[in-house]
Amino acid sequence: MGLLLSESGLVGNAGHAVVIAGGGPTGMMLAGELALAGVDVAIVERRADQNFAGARAGGLHSRTLETLDQRGIAERFLSEGQVVQVHGFAMTRLDISDFPTRHPYSLGLWQNHIERILAGWISELAVPVYRAREVKGFVQDDSGVDVELSEGGRLRAQYLVGCDGGRSLVRKTAGIEFPGWDPATTNLIAVVEMAEKPEMGIHRTALGIHAFSRLEYEIRDGNVIFKDDGPIRVMLPDRSGGSAGDPTLDDLRAALIDVCGKDYGVHSPISISRFTDMARQAAAYRKGRILLAGDAAHVHSPVGGQGLNTGVQDAVNLGWKLAQVVKGVSPESLLDTYHAERQPVAARVLRFTLAQVALLRTDDRTDALREAVAELLSMDEPRKRFAARLSGLGIHYDLGEGHPLLGRRMPDLDLMTANGPLRVFSLLHRARPVLLNFGEPGGFDIAPWADRVQWVDAAAAGPWELPALGPVTAPTAVLVRPDGYVAWVGDLTHPGLGKALTTWFGPPC
Ligand SMILES: Cc1cc2nc3c(=O)[nH]c(=O)nc-3n(C[C@H](O)[C@H](O)[C@H](O)COP(=O)(O)OP(=O)(O)OC[C@H]3O[C@@H](n4cnc5c(N)ncnc54)[C@H](O)[C@@H]3O)c2cc1C
C-alpha cells in the first residue's frame, strides 16, 4: 500500500510491509536491501532532510566497502573519499594492504557524505521517506504493528524495525533491556572556527587525549595532511560532569581552558556535542514483530570507528531474511538467525572497544601496557587476527562444522562463466542468493528453488585465500547468501544441499 497524504500534508492511515524508524545509515541500508527484494518498505525520519551539523563517523572499513560492492554501489563512496590504512587498535595502526580483498584499506569519508550517498541510492529504489516525523509509539498484534507517528499519523506494518539510534524509542517501547557499562569518560566534540590555530593532531596529557583536525584533508604517502584553512574539528575531555542539556560554546571554551590552558579564540560553532564511552547492547534484537538494528541495538565509544560499520552490516544481514519472511518464502524462525548471528558480532565489538578505551588512558602504567600491546601487534599473526576483526573481514557466523568458508564472507573471485568473465560480487547486485558450481555441470535439480536461487557453473581463477586464515582448499560448490556469507560448501550430490537451500531460502516448490 502506498503513501497517503491528507490535505494538510500529514500522513493519513497508510500501510507498508515494513516500516523503519530512523533514516540514518542503518535505516537507509536496510530500506535499500528490502526495496531490492521487492518489499514495500518506508522510513519514518525525524530530521526534515538528510543533513546534520558536524561530521560523526569518519569512514568505512573494508568489509563495509565489500558489502556496498556486493550491491554495485561501492564506487559511489570510493569516488568521494580517500583510501587510507586506518584500522587501528588503541592507536596502533594495523596495515591490511596484504589482505586478500579488493578493498584492503578503509575509506575516509565523513558520515554526512555517506548518508547523502545512501539517500541517493534509496531514492533511486523509490523508498518513501516520511520526513520531519517521529515514531511516537506502537502496538503489535498477531498480524502486524500499528505505528503511531507525530502529528497524528498512523502506519500499519507487518514489521517495525528500530533503526532509531542509541536512545531508540522502539527499543524502549518494546521493553527490550539494554544492559552494559555506564560511561567512565565524557568528551566534547565540536566543529568550530578558531582565531588562533592550534597544533593539529592527537595530543596526550595527564587529563586524557585531545585532538585538533580539519574536516578537509588529503592522504599523502599514507599520512593525513590537513588543509590549512576551513573549520576545525576538536575533541577533548569534558571534566565538568556534563550538564543535562546540549553543550554550549561556553562549555567548550571552559573545557579548552581546562585541558589546553587557553580557548584559541574559539567561535562560530557548526556543531558541539558530547559522547561517552558507555557500552550497551540490546538483550534481544527481536521481540515478535519488532526488530532492532544499528545503534538502537548497540552503543559504545567511537574509538576504533566501528559503530556505523556494524550498523550497516546488521542491515545487510537482516534485509534479505526479513524480505523472505514478509514474502512468505521462509518461516518467521529465519528472523531468529539475525539475533543469533549479529548479537555476538556487536558483543565482540563492545569488548574490543572497552579494551581500547582502557588502553588509551594516559597514565604511565597504561602507557607501558599500550607499548607492550603495540609490540605484540607488530608481529604478523596478531596483526592479521586483530585487523581481520576490526575490518569486519574476519566475521564468522557459526553455521556448524565444515569447510573454513562456511559462515564466512565469500571472496570476490574472478569467475569464468558461460556468459563470460565476471566477479562473484556482481552476482549479488540484486541481493539474490547464488549457487556457484565449480565441478561438473548438473548433478543437482535446482528447479524447486529456481525462482529464488541463481545457479552459475563457473571456473574460479583463485587463489582461495581468507583474511587472517590464509589459503583454503578450493570448494566444488558453494551456496552464497544475499549478504555474501557462505551458507553451504560441498559436492552437488551431497544430500546436505537440499537441506541448506530449505533452511536459508525456503522449502522446495
Ligand atoms: C563523534 C563520533 C564519531 C564516530 N566515529 C565513527 C567512525 O569513525 N566509524 C563508525 O563506524 N562509527 C562512528 N561513530 C558512530 C556512528 O556515528 C553511529 O554508529 C551511526 O550513526 C549509527 O547509525 P544508525 O543509523 O544506527 O543510527 P543514527 O545515525 O543515530 O540514526 C538514527 C536516525 O533515527 C532518527 N530517529 C531517532 N528517533 C526517531 C524516532 N522516534 N522517529 C523517527 N526517527 C528517529 C534520527 O534522526 C537519525 O536520523 C561515531 C559516532 C560519534 C558520535
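Preceding this section is the structure that the text describes.
As the structure is a computational prediction, the values presented were derived from the model and not from experiment.

What counts and what doesn't
- Residues numbered from 1 in each chain as written.
- Predicted model: local features only at pLDDT ≥ 70, side-chain atom pairs only at ≥ 80, totals over all residues.
- Heavy atoms only, no water.
- Pairing = 2+ DSSP bridges.
- Helix = DSSP H or I, 4+ residues; strand = E, 2+ residues; numbered from the N terminus.
- Axes fitted to C-alpha atoms, helices over the stretch in contact; angles between N-to-C directions.
- Buried < 20%, exposed > 50% of the residue type's maximum accessible area, 1.4 Å probe, protein only.
- Contact = heavy atoms within 4.5 Å.
- Near = heavy atom within 4 Å.
- Polar contact = N/O pair within 3.5 Å; in protein donor to acceptor, adjacent residues only side chain to side chain.
- Areas by Shrake-Rupley, 256 points an atom, 1.4 Å probe, with all protein chains shown as cover.

Chemist: An account of the sheet that holds strand 31 (residues 486-490) is requested, with residue identities and associated values reported.
Modeler: On the basis of which strands lie adjacent, the open sheet formed by 6 strands has the order 25-24-27-26-30-31 and mixed pairing. This sheet does not close on itself; its edge strands, each paired only once, are strand 25 (420-423) and strand 31. The sheet shows a mean angle of 35 degrees between the axes of neighbouring strands, taken without regard to direction.

Chemist: Go over the pairing of strand 24 (residues 414-417), please, and point to the residues and values.
Modeler: The two faces of the sheet receive side chains in turn, since in a regular strand these alternate between them. Side-chain alternation along strand 24 places Leu415 and Thr417 on a buried face and Asp414 and Met416 on a face that remains uncovered. Bridging between strand 24 and strand 25 involves 4 bridges; their strand directions are antiparallel. Within strand 25, the residue paired with Thr417 across the bridge is Gly420. If you look at the hairpin formed by strand 24 and strand 25, you'll find 2 residues sitting between the two strands. The pairing of strand 24 with strand 27 (residues 454-460) spans 3 bridges and is antiparallel. Along strand 27, the bridge assignment pairs Met416 with Ala459.

Chemist: Please provide a residue-by-residue account of the sheet that holds strand 20 (residues 279-281), values included.
Modeler: Overall, antiparallel pairing links the 3 strands, which are arranged 12-20-23 in an open sheet. Of all the strands in the sheet, just strand 12 (180-181) and strand 23 (298-299) have a single pairing partner and so form its edges. Bridge count for strand 20 against strand 23 is 2 bridges, and the pairing is antiparallel. Bridge pairing in strand 23 links Arg280 to Val299. Contacts from helix 8 (residues 336-359) reach strand 12, strand 20 and strand 23, with the element oriented near 170 degrees to strand 20.

Chemist: How would you summarise the site of the ligand if you had to cite specific residues and measurements?
Modeler: If you check the shell around the ligand, you find 28 residues, and the closest are Thr26, Glu45, Gln111, Asp295 and Leu308. A distance of 2.6 Å separates an oxygen atom of the ligand from a polar atom in the side chain of Glu45. Backbone polar atom of Gly58 to an oxygen atom of the ligand: 3.1 Å apart, as the coordinates give it. Calculation on the ligand without its partners gives an accessible area of 1,000 Å², and the protein chains cover 88% of this total. Of all the elements in the fold, those that place two or more residues in the shell around the ligand are helix 1 (25-36), strand 2 (41-45) and helix 7 (307-326). The leading source of residues in the shell around the ligand is helix 7, at 3 residues.

The quantities given are spatial measurements derived from coordinates; they are silent on function.
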